[in-house]
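These are the residues of each chain, in order.
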Amino acid sequence: MLLSLSPRSEVLAQSTDGGAYSESPFRTLDLRAPNSVRNASGRPGNGFWQQEVDYVIHATLNPENQELIGRESIRYVNHSPDDLSYFWLHLEQNACQANSVSNSLKQPPLVFLGAIFDFSCQGFIGGHTLESVTLGGQNLRYTIFGTTMRIDLEEPLASGGEITFEIAWRFTIPPYGLARMGRDGTLYEMAQWFPRLAVYDDVRGWNSEPYIGAGEFYLEYGDYDVTLTLPSEYIVAATGDLQNPDEVLTGDQRRRLQRAMTESAPVAIITQSEAGDPSKTRPLSTAPGASSGTLDWRFTAETVRDFAFAASPDFRWDATSWEGVRIEALYRDGAANWEEAILMARESIKYFSEQWYPYPYSHATTIEGPIEGMEYPMLTFVPAMDAPEDLHWVVAHEFGHEWFPMLVGSNERFYPWMDEGFNTFIDLEGAARYFEGTDYGKSIEWNPLAIYAENAIASEEQPMILRAAEQSNLFWTAYQKPALMLQLLRHEVLGPERFDFAFRGYIEAWANKHPTPTDFFRFMKDASGMDLDFYWRQWVMTAARLDQAVVSVSGVSSEGRSEIILANNEAMVMPVEMKIDFEDGTHTTLNFPVEMWNQGPRFTYNLLDPRQVIRLTLDPRQRYPDDDRSNNTWIR
Ligand SMILES: [Zn+2]
């Protein structure tokens with residue numbers, strides 16, 4: 001267990017008898033010491049390094065027997081100061097093996113927002129078969145442990161050195177691969193599909209955590225050159241830029257793609273009437289019956305942390321653009337609401353780019369299919385959904401992942417709140433804007449607060465710092481609660497101007513790098529100018545509760561003064577907003593910064609006003625998840 005501070009001890013640490021704290025909520029967080037790799041301001045330091053892993057992959061997808069056969073050349077550049085005598089790799093198809101952790105434990109599916117995330121292969125048994133693992137034609141020694149493997153080097157790879165080795169593999173494509181990839185009829189959504197290097201970093205060494213479900217993936221940045229061979233009737237979409245459009249697209253498709261980059265309205269690259277008809281969607285020379293019957297699609301991508309693709313002969317294909325980014329939606333005819341997906345996609349990319357950080361890739365492509373929502377660099381998988389609000393949410397959410405964690409590459413297996421939570425935070429305002437003027441548009445932005453009571457159950461709630469696989473309510477602790485944490489930090493503690501400067505700076509500082517929670521905490525303190533250790537302790541490290549209360553209000557003294565005593569009854573400290581109603585029918589609102597709790601859990605305020613206070617209300621806008629609202633109001 002990672003947990004060292006239990007929520008209960010945190011609550012006990014703060015007495016409410018009016019005296020001093022036994023342990024201040026503002027005490028400094030005990031964080032890993034800064035160094036030249038990760039400095040005290042939460043930025044990459046002068047000695048920052050991270051590994052580079054580049055892949056050249058050739059893979060053939062054979063729909064006849066559902067097999068994918070691949071070989072890859074992996075170039076590993078050791079920028080670390082350490083000599084490495086072995087490598088750890090992920091073999092994530094092995095999660096479908098009979099004795100995998102997921103299959104052995106038969107974990108129940110995760111259900112949220114009407115979607116089911118089943119971290120199994122639903123009865124399918126499969127896995128990676130390795131044909132060879134070689135270096136310069138010589139076999140390398142390797143050992144497989146479930147979804148990970150260790151390759152032992154004869155000679156350690158010295159610091160600063162590089163090595164290129166080859167792996168040939170094959171696997172049968174599961175219909176359903178742990179909610180992340182799979183196939184449905186002629187549609188393939190391919191991810192977590194090739195042997196990939198684990199991250200080696202300065203914090204934990206090899207990050208070789210197995211793939212057991214909730215934690216998605218954590219990979220090095222690198223360049224990809226991927227050639228995919230499929231039957232010629234298939235249309236392929238992928239991470240990266242297509243290198244041979246003349247060979248795999250028709251003249252009409254190429255011209256329409258160009259138009260999509262200049263016209264404001266979306267352009268159908270494959271129209272409804274063309275979809276599924278190879279005589280219309282495929283270049284004449286490669287139509288079925290032509291010599292080889294297959295086509296090679298070659299894609300390259302630079303500085304990305306993974307590579308995924310999708311293929312089907314039946315896609316409809318819409319495209320548009322925003323600021324030079326090509327935005328695409330590929331879907332099967334009849335998929336509910338998908339004709340609007342291209343607009344939802346465009347507005348999402350535009351909003352995230354303008355509000356937080358420019359979209360970093362050449363295209364943003366979403367694929368309709370059986371996967372309930374999954375993200376890879378430049379490519380997302382989204383299902384058909386009956387309600388436009390639901391479809392928008394998933395389209396926007398999966399694209400939000402292009403910022404967290406594709407661009408800002410936090411460790412998803414350990415810290416889901418840093419990708420799912422940060423992403424949910426940026427999604428909320430985007431959804432409110434897209435549906436502006438509707439009931440949904442009015443309510444969605446503060447939805448995490450609306451669902452606080454039903455999810456943040458005092459005796460059950462876990463600290464969000466726990467790793468993904470340990471979370472019993474991932475929907476709350478990894479998605480909604482961290483979003484609420486950042487909303488309150490932005491709107492109630494720092495204010496948008498101060499928060500946005502810091503949060504944008506964090507994205508920029510850690511773009512294409514691997515930040516840890518410590519880096520995030522330090523960065524936000526440094527860039528906002530406010531010590532936020534108390535905030536991360538109560539929201540991230542513990543499951544602290546909030547209860548602000550009015551203790552007493554005196555009558556007006558002869559000097560025209562009322563004494564107001566407030567209390568903070570639980571471990572969480574937040575600023576206070578206080579509405580005062582006077583006897584003459586007027587009212588005023590006072591805001592106290594969180595420093596009001598510096599001296600203890602009681603705060604005495606001397607109100608200089610000759611009028612009698614008849615009513616006092618704390619948190620009048622009801623912005624806080626206050627456990628007991630009955631003590632928020634005092635009436636004379
Ligand atoms: Zn997500």
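Cut-offs used in this document
As a convention, each chain's residues are numbered from 1 in the sequence order in which they are written. Local features in this predicted model are restricted to residues whose pLDDT is 70 or higher, and side-chain atom pairs enter the listing and the counts only when it is 80 or higher, whereas totals over whole chains, interfaces and linings include all residues. Hydrogens are left out, water is left out, and the side-chain values use all remaining heavy atoms of the structure. Comment: elements are numbered from the N terminus, with helices defined as DSSP H or I runs of at least four residues and strands as E runs of at least two. Computation of the radius of gyration draws on C-alpha atoms alone. For the globule rule, the value is 2.2 Å times the number of residues to the power 0.38. Throughout this description, buried means an accessible area under 20% of the type-specific maximum (1.4 Å probe, protein chains only), exposed means over 50%, and partly exposed covers the range between. Strand pairing is assigned whenever DSSP detects at least two bridges linking the two strands. Axis definition: a line fitted to C-alpha atoms, over the contacting stretch in the case of helices. Angles run 0 to 180 degrees between N-to-C directions. The contact definition used throughout considers only heavy atoms, calling two residues in contact when any of these lie within 4.5 Å. Donor criterion used throughout: N, O or S atom within 2.8 Å of the metal, extended to 3.2 Å for Na, K and Ca. Water excluded; incomplete-looking sites may result. Geometry is assigned from donor-metal-donor angles: four donors are tetrahedral when every angle falls between 85 and 135 degrees, four are square planar and six octahedral when opposite donors sit over 155 degrees apart with all other angles between 65 and 115, and any other arrangement is irregular. In what follows, a disulfide is any cysteine sulfur pair within 2.5 Å. In this document the domain limits rely on a domain assignment from an automatic tool or a database. Any carboxyl oxygen of Asp or Glu that lies within 4 Å of a side-chain nitrogen of Lys or Arg is treated as forming a salt bridge with it. Two rings belonging to Phe, Tyr or Trp (six-membered ring only in the last case) form a pair when the distance between their centres is within 6.5 Å. Interplanar angles under 30 degrees mark stacking, angles over 60 mark edge-to-face geometry, and anything in between is tilted. In our convention, an over-ring charge means Lys NZ or Arg CZ found within 6 Å of a ring centre and within 35 degrees of that ring's normal. In protein, a polar contact requires one atom able to donate a hydrogen and another able to accept it; more generally it is a pair of N or O atoms within 3.5 Å, and residues adjacent in sequence count only if both atoms are side-chain atoms. For a helix, the expected span equals 1.5 Å multiplied by the residue count minus one. Roughly parallel means an angle under 35 degrees; roughly antiparallel means over 145; roughly perpendicular covers 65 to 115; every other angle is labelled oblique. Each helix crossing is assigned a hand: it is left-handed if the near helix lies turned anticlockwise from the far helix by less than a right angle, otherwise right-handed if that turn is clockwise.

Enquirer: Just checking my understanding: could you explain the overall build of the chain for this structure?
Expert: In terms of regular secondary structure, the chain is built from 16 helices and 34 strands. Whereas a compact globule of 636 residues would reach a radius of gyration of roughly 26 Å, the chain reaches 27 Å, a difference of no more than 12%. Each principal axis of the C-alpha atoms in the chain carries an extent, and together these give about 100 × 60 × 45 Å. With 636 residues in all, the chain has 59% of them scored as buried.

Enquirer: How should the sheet that holds strand β24 (residues 325-332) be read in this particular structure?
Expert: Here 6 strands make up an open sheet; going across it, the order is β20-β23-β24-β25-β27-β26 and the pairing mixed. Two strands bound the open sheet, and with one partner strand each, they are β20 (267-270) and β26 (374-376). Recorded for the sheet is a direction-independent mean angle of 20 degrees between the axes of neighbouring strands. Contacts from helix α7 (residues 388-400) reach β25 (363-368), β26 and β27 (379-382) within the one sheet, and its direction differs from that of β27 by about 155 degrees.

Enquirer: Before we go on, may I ask you to explain the coordination of the zinc ion in this structure?
Expert: Ideal geometry at a metal centre: 109.5 degrees between donors when four sit tetrahedrally, and 90 or 180 degrees when six sit octahedrally. The protein atoms that coordinate the zinc ion are His397 (NE2), His401 (NE2), Glu420 (OE) and Glu420 (OE), at distances spanning 1.9 to 2.8 Å. In this structure, the zinc ion is surrounded by 4 donor atoms whose angles at the metal cover 52 to 149 degrees, and the resulting shape is irregular. Of note, the zinc ion draws all its donor residues from one chain, in the sequence arrangement H-x3-H-x18-E. Here the residue His401 occupies a position in the loop between α7 and α8 (402-407), and Glu420 occupies one in helix α9 (residues 416-434), the gap between them amounting to 19 residues.

Enquirer: I would appreciate a short explanation of the state of the cysteines in the present structure.
Expert: Covalent bonding between the sulfur atoms of two cysteines defines a disulfide. Scanning all chains against the criterion turns up 1 disulfide. Between the sulfur atoms of Cys96 and its disulfide mate Cys121 the distance is 1.9 Å. The sign of the S-S torsion, about -70 degrees, decides the handedness of the disulfide formed by Cys96 and Cys121: left-handed. Here Cys121 lies in the loop between β5 (115-117) and β6 (129-135) and Cys96 lies in the loop between β3 (84-90) and α2 (101-105), a separation of 25 residues in the sequence. On the accessibility criterion, Cys96 (2% relative accessible area) is buried.

Enquirer: Explain the domain arrangement of the chain here, please?
Expert: Where interface size is given, it is often the accessible area lost as the parts come together that is meant. Taken domain by domain, the chain holds domain 1 (7-46 + 457-541), domain 2 (49-220) and domain 3 (548-635). Distance between the C-alpha centres of domain 2 and domain 3: 56 Å.

Enquirer: Please explain the pattern of salt bridges as it appears in this structure.
Expert: Oppositely charged side chains can form a pair if their charged atoms are brought close together. Counted according to the given criterion, the structure contains 45 salt bridges. Arg180 is the partner of Glu216 in a salt bridge, and the nearest nitrogen-oxygen pair spans 4.0 Å. Placement of the pair is Glu216 in the loop between β16 (205-207) and β17 (222-231) and Arg180 in the loop between β11 (176-177) and β12 (181-184), with a sequence separation of 36 residues. Take Glu216: its relative accessible area is 7%, and that puts it in the buried class. Arg332 is the salt-bridge partner of Asp184, the closest N and O atoms lying 2.9 Å from each other. Of the two residues, Asp184 sits in strand β12 while Arg332 sits in strand β24, which places them 148 residues apart along the sequence. What emerges from the salt-bridge pattern is a single network uniting Arg32, Arg38, Asp202 and Asp519.

Enquirer: Explanation requested: the packing of aromatic side chains in the structure shown.
Expert: Each aromatic ring pair is summarised here by two numbers: the centre-to-centre distance and the angle between the ring planes. Taken as a whole and judged by the stated rule, the model has 57 aromatic pairs. Consider the rings of Tyr452 and Trp476, whose centres lie 5.6 Å apart with planes at 75 degrees: the pair is edge-to-face. Of the two residues, Tyr452 sits in helix α12 (residues 452-455) while Trp476 sits in helix α13 (residues 474-494), which places them 24 residues apart along the sequence. The same class applies to Tyr452 and to Trp476, which are both buried. It is Arg150 that lies over the ring of Tyr86; its NZ or CZ is 6.0 Å from the centre. In this structure, Arg611 packs its charged tip against the face of Phe582, placed 3.9 Å from the ring centre.

Enquirer: I'm lost on the side chain of Gln462 in this one. Help?
Expert: With respect to the helices and strands, the residue Gln462 is situated in the loop between α12 and α13. A polar side-chain atom of Gln462 sits 3.0 Å from the main-chain carbonyl oxygen of Glu470.

Enquirer: What should I look at first to understand helix α14 (residues 496-509) in this one?
Expert: Residues separated by three or four positions in an α-helix point in the same direction, a consequence of the helix having 3.6 residues per turn. Look at α14: 19 Å from first C-alpha to last across 14 residues, which is about the 20 Å you get at 1.5 Å a residue. Buried within α14 we find Phe499, Asp500, Ala502, Phe503, Gly505, Tyr506, Ile507 and Ala509. Buried residues along α14 sit in contact with α6 (341-355), α8, α9, α13 and α15 (517-528).

Enquirer: Looking at this model, I keep getting lost on unusual backbone geometry. Mind explaining?
Expert: Leaving glycine out, the prevailing phi sign among residues is negative, and the prevailing peptide bond configuration is trans. Residue Pro405 follows Phe404 across a cis peptide bond; omega there is 15 degrees. Note that Pro405 resides in helix α8. The residue Gln122 is not glycine, and still its phi comes out positive at about 50 degrees. Its location among the elements puts Gln122 in the loop between β5 and β6. Despite not being glycine, Thr303 shows a phi value in the positive range, around 50 degrees. With respect to the secondary-structure elements, Thr303 resides in strand β21 (residues 294-304). According to the relative accessible area criterion, Thr303 is partly exposed, its value standing at 34%.

Enquirer: Which parts of the structure should I look at to understand the packing of α14 against α15?
Expert: At their nearest, the axes of α14 and α15 sit 9 Å apart, and the two run at 135 degrees to each other. Considered as vectors, α14 and α15 are oriented oblique to each other. Between α14 and α15 the crossing geometry is right-handed. For the pair α14 and α15, contact is made by Arg498, Phe499, Phe501, Ala502, Phe503, Gly505, Tyr506 and Ala509 and by Phe520, Phe523, Met524, Ala527 and Ser528, respectively.

Enquirer: Where do I start with the pairing of strand β29 (residues 561-568) in this structure?
Expert: Consecutive residues of a regular strand have side chains that alternate between opposite faces of the sheet. Of all 8 residues that make up β29, 6 are buried, and the element is covered over most of its length. Of the strand pairs in this sheet, strand β28 (residues 548-553) and β29 are connected by 5 bridges, and their pairing is antiparallel. The residue bridging Ala549 from the neighbouring strand is Ala567, located in β29. Judged from the 7 bridges that link them, β29 and strand β32 (residues 602-608) form a sheet pairing that is antiparallel. Looking at the pairing, Ser562 lines up with Leu607 of β32.

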